[in-house]
Amino acid sequence: LEIPKFNKQQAELESHFEKWIYIIKNLAKLDNIPPELQEKIFKEVFELSEIAKYDRNNRDIYEESLKAKRDWKNSLDTSFFKGLEAGKLQGIEVGIEKGIEVGIEKGIEKNKLEMAKNAKAMGLNISDIIKLTGLPKEQIERL
């Protein structure tokens, strides 16, 4: 490929390859993005070429502001992930507490059923077993 021999005009560009060659050859002459090159990738090329035109002082200022922006974003990302970790730990604690509560409730229910079985086996009447355990009559009758 010999770029100097590439002589197509903007309106004649057919493929991305030809558009790239056109940009490489003519970027220094272009002030605006031609309508034929209004695609995201080519817009990025033009933005980068604007930065490349900066003098040393302006480029240093730009790079410093870019560094500050990246540092700020990384700080936010880090705090977000630390927040997620804290949230996970809090969620685990809440889950453990709920699990303990459910376990205790199941244990109490199991204990009431066992007491009702034993009371029924001892010959206590159903109304006394209801008073003792708090279980409904139907549940005691099924035992």
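Please refer to the structure placed before this passage.
These numbers were taken from a predicted model, which means no experiment stands behind them. (Residues numbered from 1 in each chain as written. Predicted model: local features only at pLDDT ≥ 70, side-chain atom pairs only at ≥ 80, totals over all residues. Heavy atoms only, no water.)

### Overview of the nonpolar core
Formed by Phe6, Leu13, Ile21, Tyr22, Ile23, Leu30, Leu37, Phe42, Val45 and Phe46, the largest nonpolar core amounts to ten residues. When residues no more than four places from it in sequence are discounted, the contact partners of Val45 are Trp20, Ile23 and Leu27. Ranked by size, the runner-up nonpolar core spans five residues in total, among them Ala119, Ile129, Leu135 and Ile140. (Core = buried A, V, L, I, M, F, W, Y, C linked by side-chain atoms within 4.5 Å. Buried < 20%, exposed > 50% of the residue type's maximum accessible area, 1.4 Å probe, protein only. Contact = heavy atoms within 4.5 Å.)

### Brief notes about helix α1 (residues 16-26)
Along α1, the positions that sit buried rather than exposed are Glu18, Lys19, Ile21, Tyr22, Ile23 and Asn26. At its buried positions, α1 is contacted by α2 (40-52). (Helix = DSSP H or I, 4+ residues; strand = E, 2+ residues; numbered from the N terminus.)

### Side note on the packing of α1 against α2
How two helices sit against one another is set out by the angle between their axes and by the gap between those axes. The contact between α1 and α2 brings their axes to 12 Å, and the two run at 10 degrees. One element, α1, and the other, α2, form an angle in the roughly parallel class. Contact residues: His16, Lys19, Trp20 and Ile23 in α1; Ile41, Phe42, Val45 and Phe46 in α2. Across the contact of α1 with α2, the residue classes break down as six nonpolar, one polar and one charged. (Axes fitted to C-alpha atoms, helices over the stretch in contact; angles between N-to-C directions. Parallel < 35°, antiparallel > 145°, perpendicular 65-115°, else oblique. Nonpolar A, V, L, I, M, F, W, Y, C, P; charged D, E, K, R; others polar.)

### A few points about the pattern of salt bridges
Any two side chains of opposite charge can pair if their charged atoms end up close together. Following the criterion strictly, the structure yields six salt bridges and no others. With a shortest N-O distance of 2.7 Å, Glu39 and Lys19 are connected by a salt bridge. With Glu39 in the loop between α1 and α2 and Lys19 in helix α1, the pair connects residues that are 20 residues apart, well separated along the chain. The exposure class assigned to Glu39 is partly exposed, which follows from its relative accessible area of 23%. Across the pair Lys67 and Asp71 runs a salt bridge, and its minimum N-O distance is 3.0 Å. Here Lys67 and its partner Asp71 are both found in helix α3 (residues 56-122), four residues apart, which amounts to about one turn of the helix. Classification of Asp71 as partly exposed rests on a relative accessible area of 37%. (Salt bridge = Lys/Arg side-chain N within 4 Å of Asp/Glu carboxyl O.)

### Things to note about a nonpolar patch on the surface
On the surface, a cluster of nonpolar side chains totalling about 580 Å² of accessible area is made up of Leu89, Ile92, Ile96, Ile100, Ile104 and Ile108. Inspection of the secondary structure assignment puts Ile92 in helix α3. (Patch = residues over 30% accessible without salt bridge, like charges linked within 9 Å, V, L, I, M, F, W, Y side chains within 5 Å. Areas by Shrake-Rupley, 256 points an atom, 1.4 Å probe, with all protein chains shown as cover.)

### Regarding the side chain of Gln139
Relative to the helices and strands, Gln139 is located in helix α5 (residues 137-142). Residue Gln139 is classed as buried on the basis of its relative accessible area of 19%. For Gln139, the contacting residues outside a window of four places in its chain are Glu109 and Leu113.

### Some details on the packing of aromatic side chains
As enumerated under the stated definition, the model contains two aromatic pairs in all. Ring centres of Tyr54 and Tyr62 lie 6.0 Å apart, and the angle between their planes is 70 degrees; this geometry places the pair in the edge-to-face category. (Phe/Tyr/Trp six-rings, centres within 6.5 Å; stacked < 30°, edge-to-face > 60°.)

Just geometry here; none of it tells us what the structure is for.
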